[in-house]
Amino acid sequence: MGAVAAMLVTAGGMAQAQQVTRMKIQTAVPTASIYFDLMKRFGERVDKMSNGRIKMEILPDGAVVNAFEILDAVDKGVVDGGFAWTHYWSGKNSAAALFSNPAAGSGTGMDQISHMAWLSQGGGNALYEKLYEQGLKMNIKPFMMQPMGPDPFGWFKTPINSIADMKKMKYRSPPGLTGEVFKEMGITAVAMPGGEIVPAAQRGVIDAAEWIGPADDMILGFHNVFKHYYLQGLHQSSDIGEILINKTVWNKLPADLKAVVEGAVMATITETYAFNVDRNAKALEKLQKDHKVIVHDTPKEFFAAFLKATNIVYDREAARNPLFKEVLESQRAYAKVVVPYWTKINGLYYGLGAEAVAHK
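In this text, all values refer to a predicted model and were calculated from it rather than measured experimentally.

**Q** Go over the sheet that holds strand β7 (residues 188-190), please, and point to the residues and values.
**A** Judged by pairing direction, the sheet is mixed, and its six strands sit side by side in the order β7-β6-β8-β5-β9-β11 without closing on themselves. Two strands in the sheet have a free side with no partner beyond their single neighbour: β7 and β11 (294-296). Sheet topology note: the strand β5 (residues 154-156)/strand β8 (residues 208-209) ladder contains two bridges and is antiparallel. Within β8, the position partnered with F156 by the bridge is A208.

**Q** Please set out the pattern of salt bridges residue by residue, giving values where relevant.
**A** Inspection of every chain in the model, using the stated rule, returns 19 salt bridges. One salt bridge connects E57 with K24, and the closest N-O pair in it is separated by 2.7 Å. Placement of the pair is E57 in strand β2 (residues 54-59) and K24 in strand β1 (residues 21-27), with a sequence separation of 33 residues. The partner of K247 in a salt bridge is E133, and the shortest N-O contact between them spans 3.5 Å. Taken together, the positions of K247 in helix α10 (residues 247-252) and E133 in helix α5 (residues 124-135) put the pair 114 residues apart, joining distant regions of the chain. Note on K247: relative accessible area 19%, which makes it buried.

**Q** Requested: an account of helix α7 (residues 177-184), with residues and values cited.
**A** If you check which residues of α7 are buried, you get L177, T178, G179, V181 and F182. In this fold, the buried residues of α7 make contact with α6 (163-166), β6 (170-172), β7, α12 (301-320) and α13 (322-358). With its phi angle positive at about 90°, G186 sits one or two positions after the end of α7.

**Q** Please provide a residue-by-residue account of the nonpolar core, values included.
**A** Among the nonpolar cores identified, the biggest contains 113 residues, and F42, W89 and Y132 are the most heavily contacted of them. Here this core gets ten residues from one element, more than from any other, and that element is helix α11 (residues 255-291).

**Q** Describe the environment of N139, with residues and values.
**A** Locating N139 in the fold gives a position in the loop between α5 and β4 (140-147). Distance from N139 to W250, taken between C-alpha atoms, is 9.9 Å for residues 111 residues apart in sequence. Once residues lying within four places of it in the same chain are set aside, the contact partners of N139 are D75, I245, N246, K247 and T248.

The rules behind each value
Residues numbered from 1 in each chain as written. Predicted model: local features only at pLDDT ≥ 70, side-chain atom pairs only at ≥ 80, totals over all residues. Heavy atoms only, no water. Pairing = 2+ DSSP bridges. Helix = DSSP H or I, 4+ residues; strand = E, 2+ residues; numbered from the N terminus. Salt bridge = Lys/Arg side-chain N within 4 Å of Asp/Glu carboxyl O. Buried < 20%, exposed > 50% of the residue type's maximum accessible area, 1.4 Å probe, protein only. Contact = heavy atoms within 4.5 Å. Core = buried A, V, L, I, M, F, W, Y, C linked by side-chain atoms within 4.5 Å.

So, in structure tokens, the structure goes:
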């Protein structure tokens, strides 16, 4: 009897070990994107950490649905998970614009690292969960996982020296409130998915555009249409990709596998920072040397004007949307403490880097 019991326990353990959760994760980026590569690494990490108990199939943009349909597809279980950015959903609730890609640090001057600090230490993640549960009313468990910014200001067919120069152009910007900030400045902004930008520029539909960064921009062929590149993007001084998991799927995971996913998310955050520096720096060098791209600084006039326009648009939206107001007030309060300190620290690295480049 003891031997039989032992056999049953062993068989039960083997059956439990062999249970596999399979997830289809639809991304909003093409397979060539470095951020698709990071998502595949994330899936492989989850596989190894779970000892094969979670298998993720990472799919490119358009494999099941288009980029702007990912949220609804995850909510309805058409796919088990998705990868995109919260500002894609700002048409459903404008507060979504404040998480992945707040313009000019939500008008506070926060950079991407201080924004990540707000999420993990300043109450931001609780508000992020509230966005999906109450603001969007979605059956989704969200995680911020790829801090890929800041995004460059973008690519231009001709150089710009002022806001007046840009007012003559049609510019591809991210959707939602970011586009409204540009319009507040008198700039014509249009939104379109990444894969449509270069063809639109070739047809003359747009005169300038932004996407993600040198590595991904080069993959999409921006340098074949544009030759003037502005790196300091005020519109997305933070840019954080998110993974969305259908909450029904998430709730079925045992506690140890939930911890595996959470740990893999944290690892991907760290890896993304390293990826950005390495891949984008190498891509920028190639763009300049091999493709004769000219890199410019964003004109200083834009900084004050963009901050002003951002706060006008955000204050207006806060008066309409209580959740937007709650999130914005949280960010502004956190920025009052963090920005003075962190700006001083960043000044060290800028000073060292500028001196080193000047005496190279």
